[in-house]
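# Working through the structure, step by step
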Amino acid sequence: MAKDPKFTAREVAQIGWYTARMAKRGVASQTVHLGDLERKVDRIIDGAREREQQQAAEAAEAEKAARKARAKNVRK
């Protein structure tokens, strides 16, 4: 399993809320279906991973642009 990304405060709150709802359903019955809440948590985790990948790509692009600008200034 991949390492979990860093979550925003909103994502942590949402995951906590869904986990609490799963626990409440679990107390009600051992055979209750939790798939809908598990999918919601999975979507939050997937969204956080995508956000981290996008931020990393943007940071790499910004670093590349900065290096290019520095090289251009050095040549003058």
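Quick note: structure is the one above.
Reading the values: the criteria
- Residues numbered from 1 in each chain as written.
- Predicted model: local features only at pLDDT ≥ 70, side-chain atom pairs only at ≥ 80, totals over all residues.
- Heavy atoms only, no water.
- Salt bridge = Lys/Arg side-chain N within 4 Å of Asp/Glu carboxyl O.
- Helix = DSSP H or I, 4+ residues; strand = E, 2+ residues; numbered from the N terminus.
- Buried < 20%, exposed > 50% of the residue type's maximum accessible area, 1.4 Å probe, protein only.
- Expected span 1.5 Å × (residues − 1).
- Arc of directions from axis to C-beta.
- Contact = heavy atoms within 4.5 Å.

In the structure shown here, the tally under the stated rule is six salt bridges. Between Glu 11 and Arg 51 there is a salt bridge; the shortest N-O distance is 2.7 Å. A residue pair is termed long-range when its members are at least 10 positions apart, and Glu 11 in helix H1 (residues 9-28) and Arg 51 in helix H2 (residues 35-75) qualify at 40 residues. By relative accessible area, Arg 51 is classed as partly exposed at 22%. A salt bridge links Arg 49 to Asp 46, with the nearest nitrogen and oxygen atoms 3.5 Å apart. Here Asp 46 and Arg 49 lie together in helix H2, a separation of three residues that amounts to about one turn. Residue Arg 49 is classed as partly exposed on the basis of its relative accessible area of 24%.

Before going further, it helps to spend a moment on H1. The α-helix winds at 3.6 residues per turn, so residues separated by three or four positions along the chain end up facing the same way. Compared with an ideal rise of 1.5 Å per residue, which puts 20 residues at 28 Å, H1 spans 29 Å between its outermost C-alpha atoms and is within 8% of the ideal. For H1, the set of buried residues is Glu 11, Ile 15, Tyr 18 and Met 22. Viewed along the axis of H1, the buried residues span an arc of 70°, placing them on a single side of the element. H1 presents Ala 9, Arg 10, Ala 13, Trp 17, Lys 24, Val 27 and Ala 28 as exposed residues on the side facing more than 90 degrees away from its buried surface.

Attention now goes to the environment of Val 41. Mapped onto the elements of the fold, Val 41 is located in helix H2. Note: C-alpha distance between Val 41 and Lys 64 (23 residues apart in sequence) is 35 Å. Residues contacting Val 41, with those up to four places away along its chain left out, are Ile 15, Tyr 18 and Met 22.

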